[in-house]
Amino acid sequence: MAPLAQSDQSSHLDRPQRPARWGRLALLVGAISFVLILAAAAGARFGLLLLIGLGLGATLEGLRFGFAGPWRAMILRRDPSGLFAQLLAIALVAAVAFPLLASHSGELIGAHAPIGFAMVGGAFVFGIAMQVVLGCGSGTLVNAGSGNPVALVALPFFAIGSFLGAAHLNWWTSLGTLPLVALEGGAGLGLTLIGLGTVALMVWIFAEEGQRRLPRRLVMAAILVALLALGNLVVAGQPWGVVYGLGLWVAKGVSATGVDLTLNPFWGSPAHAERIAQSLLTDVTSLTNLGLIGGAFIVAAWRAGLSQPIPRLPLIAWGATILAGLALGYSSRLAFGCNVGAFFSGISTGSLHGWVWFAAAFVGSIIGVRLRPLLQLEPRT
């Protein structure tokens, strides 16, 4: 928001100006045109996925729906509103996703993964790192799209970390994992909704008395995110995810330099090697990631919010941002996802690992919140 003028003589040129009406129209026409061109060139499915990604980015930025920020608000101020919205969105998706997965088992898959040492440790480290940069997977993409300088620095290192984490994933999972457990059918949906309700009750109990609310803005955001996530499930055939797409971008870049990835157990497998060889515009996770950036950019530009100044941070803070970005990518691969792929999509499609991820990442977030002042990313309190 622009600062208030200090006197009647202050020039209106000192304030960030909203784009002219034609500029806003150009943003919308450009986005729609790109979707239509992609649909014509690659197929309607890929155009729809980009449109879903744009919708997610616009919703997260426009209605200020996120993951890292609400956890921080609960930890520091005992404000549960954002966390309530997350739980509501997950419940809405689960109510539809469980029946869909049961009736289309050959066409749709859930975000199911096993619990293991690396998975728990990865979620814990991710929780720390996302509070250092104030962004999870989707949050880093959205913040970068809206012009946040810290996110713009963290994002490429997030992608590098995702690539490296995937490259080492087989070794980490060899340390030990439990059999995959996925809740299914009506009983599984019932247990999931009871679990979400129990968490909501616990959050309500620990919340500050005057903060126990769910603003209308966040209700609307939760509904929109749920609808878009369900659209992603139906169109892509898999739940909404973020991390794989970022690692794939780096894998394509590494491969383009002539490095042979065929010997790597992960990137050299036939399925992943095929995706490396194909266009990013036909990879479902990459498309929604690009949409997240684009949707946030459109909203921020619409509001004239792209003029964020580079914060005056000491060298230690920028170094911490780079290391946290690497940790975000690496740890999320070990944990089989970030707040979106593991917590949101995991729980809403019945994966037990989503619940364990939530617990480990939240504990890590408590530590990450305390680390920010020590790393000079904000004033000490």
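This text follows the structure it describes.
In this text, all values refer to a predicted model and were calculated from it rather than measured experimentally.

A. The side chain of Arg72, seen in detail. Inspection of the secondary structure assignment puts Arg72 in helix 3 (residues 68-77). Look at Arg72 and you get buried, because its relative accessible area is 15%. Residues contacting Arg72, with those up to four places away along its chain left out, are Arg77, Gln131, Leu134, Val369, Arg372 and Glu378.

B. Spotlight on the packing of helix 7 (residues 149-167) against helix 11 (residues 243-256). Viewed as axis vectors pointing N to C, helix 7 and helix 11 meet at an angle of 85°, and their least axial separation amounts to 7 Å. With respect to each other, helix 7 and helix 11 are oriented roughly perpendicular. Contacts between helix 7 and helix 11 involve Leu155, Phe158, Ala159, Ile160, Ser162 and Phe163 on the former and, on the latter, Val243, Leu246, Gly247, Val250, Ala251 and Val254. A class-by-class count of the residues in the contact of helix 7 with helix 11 yields ten nonpolar, two polar and no charged.

C. Representation of the nonpolar core. Formed by 89 residues in total, the largest nonpolar core has its most connected members in Phe65, Trp71, Trp240, Trp267, Phe344 and Trp357. Ranked by residues supplied to this core, first place goes to helix 4 (residues 81-103) with eleven residues. Beyond its immediate chain neighbours, meaning those up to four positions away, Phe65 contacts Thr59, Leu60, Ala85, Gln86, Ala89, Ala221, Ala222 and Val225.

D. Region of interest: helix 2 (residues 44-62). Taking 1.5 Å of rise per residue, 19 residues should cover 27 Å, and helix 2 covers 26 Å from first to last C-alpha, within 8% of that figure. Among the 19 residues of helix 2, 14 are classified as buried, and the element is accordingly described as predominantly covered.

E. Quick look at the packing of aromatic side chains. Enumeration over the complete set of coordinates arrives at 16 aromatic pairs. Ring centres of Trp71 and Phe358 lie 5.5 Å apart, and the angle between their planes is 55°; this geometry places the pair in the tilted category. With Trp71 in helix 3 and Phe358 in helix 16 (residues 352-374), this residue pair connects regions lying 287 residues apart in the sequence. Residue class for Phe358 comes out buried when judged on its relative accessible area of 10%. Arranged with centres 5.2 Å apart and planes meeting at 50°, the rings of Trp71 and Phe362 form a pair that is tilted. Within this pair, whereas Trp71 is found in helix 3, its partner Phe362 is found in helix 16, the two being separated by 291 residues in sequence. On the accessibility criterion, Trp71 (0% relative accessible area) is buried. Among the aromatic residues, ring-to-ring pairing joins Phe65, Phe67, Trp71, Phe126, Trp240, Phe343, Phe344, Trp357, Phe358 and Phe362 into one connected group. For Arg212, the ring lying beneath its charged end belongs to Trp204, and the centroid distance is 4.2 Å.

F. Highlighting the layout of surface pockets. When its volume is computed, the largest pocket comes out at roughly 730 Å³. Contributing to the lining of the largest pocket are 28 residues, with Arg64, Phe65, Gly66, Gly69 and Pro70 lying nearest its centre. Counting residues per element, the ones that place at least two in the lining of the largest pocket are helix 2, helix 3, helix 4, helix 6 (137-145) and helix 10 (216-236). In terms of residue count, the dominant contributor to the lining of the largest pocket is helix 3 (six residues). Grouping the amino acids of the lining of the largest pocket by side-chain chemistry returns eleven nonpolar, nine polar and eight charged. Where the lining of the second largest pocket is concerned, the elements lending two or more residues are helix 8 (169-173), helix 11 and helix 12 (270-277). Of the residues forming the lining of the second largest pocket, the biggest block, three residues, is contributed by helix 8. In the lining of the second largest pocket, the residues fall into eleven nonpolar, eleven polar and two charged.

G. Spatial organisation of the packing of helix 4 against helix 10. Packing of helix 4 against helix 10 brings their axes to within 9 Å, and their N-to-C directions diverge by 35°. Note on packing geometry: the crossing formed by helix 4 with helix 10 is right-handed. Of the residues in helix 10, those in contact with Ser81, Gly82, Ala85, Leu88, Ala89, Leu92, Val93, Val96, Ala97 and Leu100 of helix 4 are Leu218, Val219, Ala222, Ile223, Ala226, Ala229, Leu230, Leu233 and Val234. A per-class count over the contact of helix 4 with helix 10 returns 17 nonpolar, two polar and no charged.

Reading the values: the criteria
- Residues numbered from 1 in each chain as written.
- Predicted model: local features only at pLDDT ≥ 70, side-chain atom pairs only at ≥ 80, totals over all residues.
- Heavy atoms only, no water.
- Helix = DSSP H or I, 4+ residues; strand = E, 2+ residues; numbered from the N terminus.
- Buried < 20%, exposed > 50% of the residue type's maximum accessible area, 1.4 Å probe, protein only.
- Contact = heavy atoms within 4.5 Å.
- Axes fitted to C-alpha atoms, helices over the stretch in contact; angles between N-to-C directions.
- Parallel < 35°, antiparallel > 145°, perpendicular 65-115°, else oblique.
- Nonpolar A, V, L, I, M, F, W, Y, C, P; charged D, E, K, R; others polar.
- Core = buried A, V, L, I, M, F, W, Y, C linked by side-chain atoms within 4.5 Å.
- Expected span 1.5 Å × (residues − 1).
- Phe/Tyr/Trp six-rings, centres within 6.5 Å; stacked < 30°, edge-to-face > 60°.
- Lys NZ or Arg CZ within 6 Å of the ring centre and 35° of its normal.
- 1 Å grid on protein atoms, 1.4 Å probe; cavity = no way out; pocket = protein on both sides within 12 Å on 5 of 7 lines; lining within 4 Å.
- Points joined across faces, edges and corners; volume = space filled by probe spheres on them.
- Left-handed = near helix turned anticlockwise from the far one by under 90°.

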